[in-house]
Number of protein chains: 2
Amino acid sequence: MSYKLFIPGPTAVSEKTLRTMVQPMIGHRSKDFIALYRSLQPGLQKIFGTKDHVYLSTSSSWGIMEGSLRNVVQKKVLCCMNGAFSDKWLDVANRCGLAASAIQTNWGQPIEPGALRSELATGVYDTVTIIHSETSCGCMSDLPALGIVLREFPDVVSIVDTVSSCSAMPIDKDANGIDILITGSQKAFALPPGMAMLSPSVKALDRAAKGNTRGYYFDLLEFQKNHEGGMTPSTPVITLIYALKSKLDDIQEEGLEARFARHARLNKAVRAWGESWGFSLFPRPGFGSVTLNCFANTRSADLVALNKLLKDNHGFVIDGGYGKLKGKTFRISNMGDETDETISDLLQALDTVLSKLGLGKP
Amino acid sequence: MSYKLFIPGPTAVSEKTLRTMVQPMIGHRSKDFIALYRSLQPGLQKIFGTKDHVYLSTSSSWGIMEGSLRNVVQKKVLCCMNGAFSDKWLDVANRCGLAASAIQTNWGQPIEPGALRSELATGVYDTVTIIHSETSCGCMSDLPALGIVLREFPDVVSIVDTVSSCSAMPIDKDANGIDILITGSQKAFALPPGMAMLSPSVKALDRAAKGNTRGYYFDLLEFQKNHEGGMTPSTPVITLIYALKSKLDDIQEEGLEARFARHARLNKAVRAWGESWGFSLFPRPGFGSVTLNCFANTRSADLVALNKLLKDNHGFVIDGGYGKLKGKTFRISNMGDETDETISDLLQALDTVLSKLGLGKP
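This text gives an overview of the structure that appears in the document. Everything numeric here is computed off the predicted structure, so don't read it as measured data. (Residues numbered from 1 in each chain as written. Chains lettered and ligands numbered in written order. Predicted model: local features only at pLDDT ≥ 70, side-chain atom pairs only at ≥ 80, totals over all residues. Heavy atoms only, no water.)

Secondary structure summary: chain A contains twelve helices and 13 strands in total. The C-alpha radius of gyration computed for chain A amounts to 20 Å, which stays within 12% of the reference 21 Å derived for 362 residues, consistent with globular compactness. Oriented by its inertia axes, the alpha-carbon framework of chain A measures out at about 60 × 55 × 35 Å. In chain A, which comprises 362 residues, the share counted as buried stands at 64%. In chain A, the proportion of contacts linking residues at least 24 apart, taken out of those at least 6 apart, comes to 73%. Carbon and sulfur atoms provide 54% of the accessible area of chain A, an area that totals close to 12400 Å². For chain A, the separation between the mean place of its 39 positive charges and that of its 36 negative charges on side chains is 2 Å. (Helix = DSSP H or I, 4+ residues; strand = E, 2+ residues; numbered from the N terminus. Rg over C-alpha atoms; globule rule 2.2 N^0.38 Å. Buried < 20%, exposed > 50% of the residue type's maximum accessible area, 1.4 Å probe, protein only. Contact = heavy atoms within 4.5 Å. Areas by Shrake-Rupley, 256 points an atom, 1.4 Å probe, with all protein chains shown as cover. Lys, Arg positive; Asp, Glu negative; His and termini not counted. Charge placed at Lys NZ, Arg CZ, Asp CG, Glu CD.)

What follows deals with the interface of chain B and chain A. Taken residue by residue, the interface counts 52 residues in chain B and 53 residues in chain A. Carbon and sulfur atoms supply 61% of the area that chain B and chain A bury against each other, a total of about 3800 Å² over both sides. It is B:Met25, B:Arg95 and B:Tyr216 that lose the most area in chain B upon contact with chain A, and together they represent 18% of the buried surface on that side. Across the chain B-chain A interface, the total number found is six salt bridges. Salt-bridge contacts for A:Arg95 lead to B:Glu222; the nearest nitrogen and oxygen are separated by 3.0 Å. (Buried area = accessible area lost by both parts, 1.4 Å probe. Salt bridge = Lys/Arg side-chain N within 4 Å of Asp/Glu carboxyl O.)

What follows concerns unusual backbone geometry. Residue and element names in this part refer to chain A. The omega angle of the peptide bond from Gly-9 to Pro-10 is -5 degrees, so this bond is cis rather than trans. Assignment of secondary structure puts Pro-10 in the loop between β1 (4-5) and α1 (15-19). With a phi angle near 55 degrees, Ala-190 is a residue other than glycine that sits in the positive phi range. Within the secondary structure, Ala-190 sits in the loop between β9 (180-184) and β10 (196-200). Judged by its relative accessible area of 0%, Ala-190 falls in the buried class.

Let us look at the pairing of strand β3 (residues 77-81) of chain A. Residue and element names in this part refer to chain A. Of all five residues that make up β3, five are buried, and the element is covered over most of its length. Neither face of β3 is left uncovered, since the one carrying Val-77, Cys-79 and Met-81 and the one carrying Leu-78 and Cys-80 both have all their residues buried. Viewed along the sheet, the connection from β3 through helix α4 (residues 84-95) into strand β4 (residues 100-104) turns out right-handed. Where β3 meets strand β5 (residues 127-131), three bridges bridge the pair, whose relative direction is parallel. Residue pairing for β5: Val-77 is matched across the bridge by Thr-127. (Right-handed = clockwise from strand over helix to strand, strands pointing away. Pairing = 2+ DSSP bridges.)

Another aspect to go through is the sheet that holds β9(A). Whether parallel or antiparallel, the strands of a sheet pair through hydrogen bonds between backbone atoms. Residues and elements named next belong to chain A. Taking strand neighbours across the sheet as the criterion, the seven strands line up as β2-β10-β9-β8-β5-β3-β4 in an open arrangement whose pairing is mixed. Edge positions in the open sheet fall to β2 (55-57) and β4, since each of these has one partner strand only. Averaged over all neighbouring strand pairs, the angle between strand axes comes to 20 degrees, with direction disregarded. (Axes fitted to C-alpha atoms, helices over the stretch in contact; angles between N-to-C directions.)

This part covers empty space enclosed by the protein. Summed over all chains, the structure comprises three cavities of 30 Å³ or more. If you add up the space inside the largest cavity, you get close to 100 Å³. Lining the largest cavity are A:Glu66, A:Gly67, A:Arg70, A:Arg214, A:Tyr217, A:Phe218, B:Glu66, B:Arg70, B:Arg214, B:Tyr217 and B:Phe218. For the lining of the largest cavity, the elements supplying multiple residues, two or more each, are α3 (61-72) of chain A together with α3 (61-72) of chain B. Top contributing element to the lining of the largest cavity by residue count: α3(A), with three residues. (1 Å grid on protein atoms, 1.4 Å probe; cavity = no way out; pocket = protein on both sides within 12 Å on 5 of 7 lines; lining within 4 Å. Points joined across faces, edges and corners; volume = space filled by probe spheres on them.)

All names here are of chain B. Note that Thr-183 resides in strand β9 (residues 180-184). The exposure class assigned to Thr-183 is buried, which follows from its relative accessible area of 0%. Not counting residues up to four positions away in its chain, the partners in contact with Thr-183 are Phe-48, Ser-61, Thr-162, Val-163, Cys-166, Phe-189, Ala-196 and Met-197. Of note is the side chain of Thr-183, whose polar atom sits 3.2 Å from the backbone oxygen of Thr-162. (Polar contact = N/O pair within 3.5 Å; in protein donor to acceptor, adjacent residues only side chain to side chain.)

This part covers the packing of aromatic side chains. Residues and elements named next belong to chain B. In this structure the tally under the stated criterion is 23 aromatic pairs over all chains. Measuring from ring centre to ring centre gives 6.1 Å for Phe-33 and Tyr-37, while their planes differ by 40 degrees; the resulting arrangement is tilted. Of this pair, Phe-33 and Tyr-37 both sit in helix α2 (residues 31-48), four residues apart, which is roughly one turn of the helix. Owing to a relative accessible area of 0%, Phe-33 belongs among the buried residues under this scheme. (Phe/Tyr/Trp six-rings, centres within 6.5 Å; stacked < 30°, edge-to-face > 60°.)

The next thing to look at is the relation of the copies chain B and chain A. After a rotation of 180 degrees and a shift along the axis of 0.0 Å, chain B superposes on chain A with an RMSD of 0.0 Å. Expressed as an axis order, the relation between the two copies is that of a two-fold axis. Looking at the rotation axis and the C-alpha trace of chain B, the residue lying nearest is B:Ser59, at 2.4 Å. (Least-squares fit on C-alpha atoms with pLDDT ≥ 70 in both.)

What follows is the structure, encoded as structure tokens:
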């Protein structure tokens, strides 16, 4: 049985996007590929808010998140941790044998600019990792506020994961002092999983050039060298590049501002719906992600039963909580191609299901 | 303008296979994904000739080729080099900071079992890399003969790339003493690029467990842990997994033996055609790849003009030589879904084009 995902990744992919993948293969060293690759740059740079180049990595985001560490950490990395994915970044740094410490806050609390400043001011770090929108708990830190701090430390390379925010709101990579911006195909972009996009600053490339632990597959200098020829270092995931091309056309047609406004509007609609049922937002007020709502299960709904009814009777699937928050929170995505209508359909279905489960509006 | 590739990767992908990617997304931690993932195992194990597990890596083959080195090289790796890709493996090992040496033979010459034995007998290596079918020059080494040598060195972990041979002929991983078998989606399997498949032996996993340079993204133990739950460590490239499922069904329907016979037959047909025009095979006689023919351009054909006419007038593209062999060789693939009819169409078109270029049959 087919059903539609409203989980925060992988996001539902429109049939239009999927159909763009039904195109003949082209050689990845051919003129046709080079033209395709280069045609993506203006759109990606605009969405990222950068004059730097944007590379395509044949991997999910974790590949290049680990790869970025191997490229630029030569002293010590500071990992800003406030959810499952940002926590994991410290673990990955350790597994790569890199010196690493953390600012650890509770899941759902944003990264505090003051705490970031104090820690970077120790001078022991040359790299910092931040997840802008912590999908695991729906918490979004204040990127411009963090950016002010990042710009105060020109010797520190910042790596920022925007997998669930990039293209849904302004990221302003250059203005916000982000040295390596990373995003994936399968969340805010609403493309199928399997490709990451990244943009390193000149500072990040210079740092990478000074080290010798880059390896090959995720070597930023290899990306840059191939980028100059309109290509990727290794065989690219061509079907997802077809899909990205189509998506960038869609985004241009809608207009970035309209896209941002749509995400903000749908996000508020879901939030208001949740609150109308007495579910409070899990993250600190004012720091909910713009592309998903993570609700505390304050009414102790049976989330397994809820999702079963939702799927069986309505063909929709939401998320029942990530990791240690399983059962204690639930998450609803408004990423990608969702519209007032699709979100309204979901919320009506959820109304029906919650009533079936015996809950009433408070 | 749309055209069909007869280059040795990416291979032309059938519309049937492409259409399987037009399916709704599923969560990669869902029961549906687990069922899909597990359903692939029997077919992959049969094609690989192994009782070991087969993992899916969200990367092109080079990702896991580098990753495998980081997992298992703890002393020194021997790289068997006889073409562009096997040469590159030494470079990648060096870039990872690993101790590495090579058996270097000329492009187009197979890896000699005797040379492999002598070198491994020095006792300085704990790992060896081999490319079964060197796509760059169409040379295929004798896997069973090399396998006899590999089995003589139980302390050495062998990593074998079969990107352009696996599924087109018997590989017999277990019988041939292969510890880590690696293949990609985009060559012999005729799937779109962007996914690698790999199968490590227990010996390889044990070795990996003894080291601490595995990192995260390509950590074999992470693959194994997730495999036990029917999942991948990181977000998988779901659309290619849909395509793989369809392809395995196709392979089962055709029958492996019939598939092997088809590749052998088409390969011979192309070889006979080339020889009828006076082009000799580039690799040493008896060691041509079963999925492609790399011809020496012994008649000094203008390969750029040839490919332009072939593409413009017939909608086909062949390869005009890889790297230092550009212009000096040309390569024709018979991988994947090619049939007597499609190969016959290509060869007729090539007849026309060569005549147009003023060449006659010798």
